[in-house]
Amino acid sequence: TARGLLIQLEEFLTISKLKLSDERTVAIQGFGNVGGYTAQLAKEFGFKVVAISDKNGGFYNQRGIDVATIKTTNGVILSGDSLKADRITNQELLLLPVDVLIPAALEDQITEENASKIQAKMIAEAANEAINPEAHRILFSNNIPTIPGISANAGGVVVSSFEWRKNRGERLHEVDYADTRSWVHDELAKIMRNTIRKVVAKTERDHCSLAEAAHRLAIEIIRDELKERHGYA
């Protein structure tokens with residue numbers, strides 16, 4: 001899920017021409033399976049993590065946080081004192097002046113109450129429904145691109161489908177894990193990049209937000225499949 005999100009974020013920045021700072025700073029709310037791995041992989045994709053958090057609150061260091069030194073248990077950060085970072089609340093993290101905000105914790109974190117205060121240049125929604133519908137409208141009106149979770153966090157489901165397909169087909173007695181990992185990464189990248197391209201194209205055609213475009217595309221795909229398989233209008 002984390003790798004897929006970062007692949008899609010990188011592709012969006014390529015095709016949208018959105019200008020970020022040279023440091024490409026990121027704030028990540030949540031340090032579980034999605035948020036934690038997103039923080040670990042961020043440097044590989046050229047981003048600098050400046051803020052992270054768990055359920056107890058966050059840490060902010062505008063010079064950057066060395067994610068590799070962080071120790072956690074069940075998504076709770078244990079080595080916070082060694083980060084040389086300021087303590088902040090989860091709500092304060094959402095309002096930091098960063099390039100990319102990644103809410104990867106709970107639903108309803110960005111609402112009509114705080115959406116107008118967001119300072120990030122864009123958002124990639126890692127948690128399901130971290131941004132409520134009204135907040136999506138406010139962010140769109142404020143020209144803050146927001147890749148919705150239905151698109152950004154689909155990587156885990158995509159790779160699960162690879163596993164399902166393999167289990168239904170050829171089962172090898174010997175597995176080359178490096179080769180398999182490379183194949184998974186390549187196929188995941190193709191799907192995530194193609195998905196965000198379609199969402200951006202739909203946004204431009206329909207003059208709507210990325211969130212609305214993604215949901216419209218999903219409904220249209222279901223409609224077309226039903227028509228093809230069952231003749232539904």
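As the structure is a prediction and not an experimental result, all values here were calculated from the model. (Residues numbered from 1 in each chain as written. Predicted model: local features only at pLDDT ≥ 70, side-chain atom pairs only at ≥ 80, totals over all residues. Heavy atoms only, no water.)

Draft legend 1. Structural context of the packing of aromatic side chains. All told, the structure shown has 1 aromatic pair when counted by the stated rule. The positively charged end of Arg 24 is found above the aromatic ring belonging to Phe 47, 4.1 Å away from the centroid. (Phe/Tyr/Trp six-rings, centres within 6.5 Å; stacked < 30°, edge-to-face > 60°. Lys NZ or Arg CZ within 6 Å of the ring centre and 35° of its normal.)

Draft legend 2. Here's a closer look at the side chain of Gln 8. When you line up the elements, Gln 8 lands in helix 1 (residues 2–16). Overall, the relative accessible area of 0% leaves Gln 8 in the buried class. A distance of 3.2 Å separates a polar side-chain atom of Gln 8 from the backbone nitrogen of Ala 152. In contact with Gln 8, not counting residues within four places along its chain, are Ile 147, Ser 151, Ala 152, Met 192, Thr 195 and Ile 196. (Helix = DSSP H or I, 4+ residues; strand = E, 2+ residues; numbered from the N terminus. Buried < 20%, exposed > 50% of the residue type's maximum accessible area, 1.4 Å probe, protein only. Polar contact = N/O pair within 3.5 Å; in protein donor to acceptor, adjacent residues only side chain to side chain. Contact = heavy atoms within 4.5 Å.)

Draft legend 3. Expanded view of the packing of helix 1 against helix 7 (residues 177–206). Two numbers describe how helix 1 lies on helix 7: the axes approach to 9 Å, and their chain directions differ by 45°. Regarding the angle of helix 1 to helix 7, the classification is oblique. Crossing geometry of helix 1 relative to helix 7 is assigned as right-handed. Judged by residue contacts, Arg 3, Gly 4, Leu 5, Ile 7, Gln 8, Glu 11, Phe 12 and Ile 15 of helix 1 engage His 185, Leu 188, Ala 189, Met 192, Arg 193, Thr 195, Ile 196, Arg 197 and Val 200 from helix 7. A per-class count over the contact of helix 1 with helix 7 returns 9 nonpolar, 4 polar and 4 charged. (Axes fitted to C-alpha atoms, helices over the stretch in contact; angles between N-to-C directions. Parallel < 35°, antiparallel > 145°, perpendicular 65-115°, else oblique. Left-handed = near helix turned anticlockwise from the far one by under 90°. Nonpolar A, V, L, I, M, F, W, Y, C, P; charged D, E, K, R; others polar.)

Draft legend 4. Region of interest: the pairing of strand 7 (residues 100–103). The two faces of strand 7 match: Val 100 and Ile 102 on one face and Leu 101 and Pro 103 on the other face are all buried. Two strands pair when backbone bridges link them, and strand 1 (residues 25–29) and strand 7 are joined in this way by 4 bridges, in the parallel orientation. The partner of Gln 29 across the bridge, within strand 7, is Pro 103. Direction of pairing for strand 7 relative to strand 8 (residues 122–124): parallel, over a ladder of 2 bridges. Bridged to Val 100 within strand 8 is Met 122. (Pairing = 2+ DSSP bridges.)

Draft legend 5. How the structure looks around the packing of helix 7 against helix 8 (residues 210–230). It is the contact of helix 7 with helix 8, at a shortest axis distance of 8 Å, that shows an interaxial angle of 105°. In terms of their interaxial angle, helix 7 and helix 8 are classed as roughly perpendicular. Contacts between helix 7 and helix 8 involve Lys 198, Val 199, Val 200, Lys 202, Thr 203 and Asp 206 on the former and, on the latter, Leu 210, Ala 213, Ala 214, Arg 216, Leu 217 and Glu 220. Residue composition of the contact of helix 7 with helix 8, by class: 6 nonpolar, 1 polar and 5 charged.

Draft legend 6. Inspection of helix 6 (residues 155–168) at higher detail. The terminal C-alpha atoms of helix 6, which comprises 14 residues, lie 20 Å apart, in line with the 20 Å expected from a rise of 1.5 Å per residue. Among the residues of helix 6, Gly 155, Val 158 and Phe 162 are the ones counted as buried. What you see down the axis of helix 6 is that its buried residues fit within an arc of 65°, all on one side. Among the exposed residues of helix 6, those oriented more than 90 degrees off its buried face are Val 157, Glu 163, Trp 164 and Arg 168. The elements touched by buried residues of helix 6 are helix 7. (Expected span 1.5 Å × (residues − 1). Arc of directions from axis to C-beta.)

Draft legend 7. Representation of the pattern of salt bridges within the structure. Using the criterion set out here, one finds 14 salt bridges in the structure. Across the pair Asp 99 and Lys 121 runs a salt bridge whose closest N-O atoms are separated by 3.5 Å. Here Asp 99 is found in the loop between helix 3 (90–94) and strand 7, whereas its partner Lys 121 is found in the loop between strand 7 and strand 8, with 22 residues between them in sequence. A salt bridge links Glu 220 to Lys 202, with the nearest nitrogen and oxygen atoms 2.7 Å apart. (Salt bridge = Lys/Arg side-chain N within 4 Å of Asp/Glu carboxyl O.)

Draft legend 8. Representation of the pairing of strand 3 (residues 57–60). Pairing of strand 2 (residues 48–54) with strand 3, which is carried by 4 bridges, proceeds in the antiparallel orientation. Directly across from Asp 54, in strand 3, lies its bridge partner Gly 57. Linking strand 2 back to strand 3 in an antiparallel pair, the connection comprises 2 residues. Relative to strand 6 (residues 86–88), strand 3 runs antiparallel, the two being bridged by 3 bridges. Each bridged residue has a counterpart across the sheet, and for Gly 58 the counterpart in strand 6 is Ile 88.

Draft legend 9. Seen up close, the sheet that holds strand 3. Pairing is mixed across the open sheet formed by 7 strands, whose spatial order is 6-3-2-1-7-8-9. What marks the edges here is a single partner per strand, and that holds for strand 6 and strand 9 (146–147).

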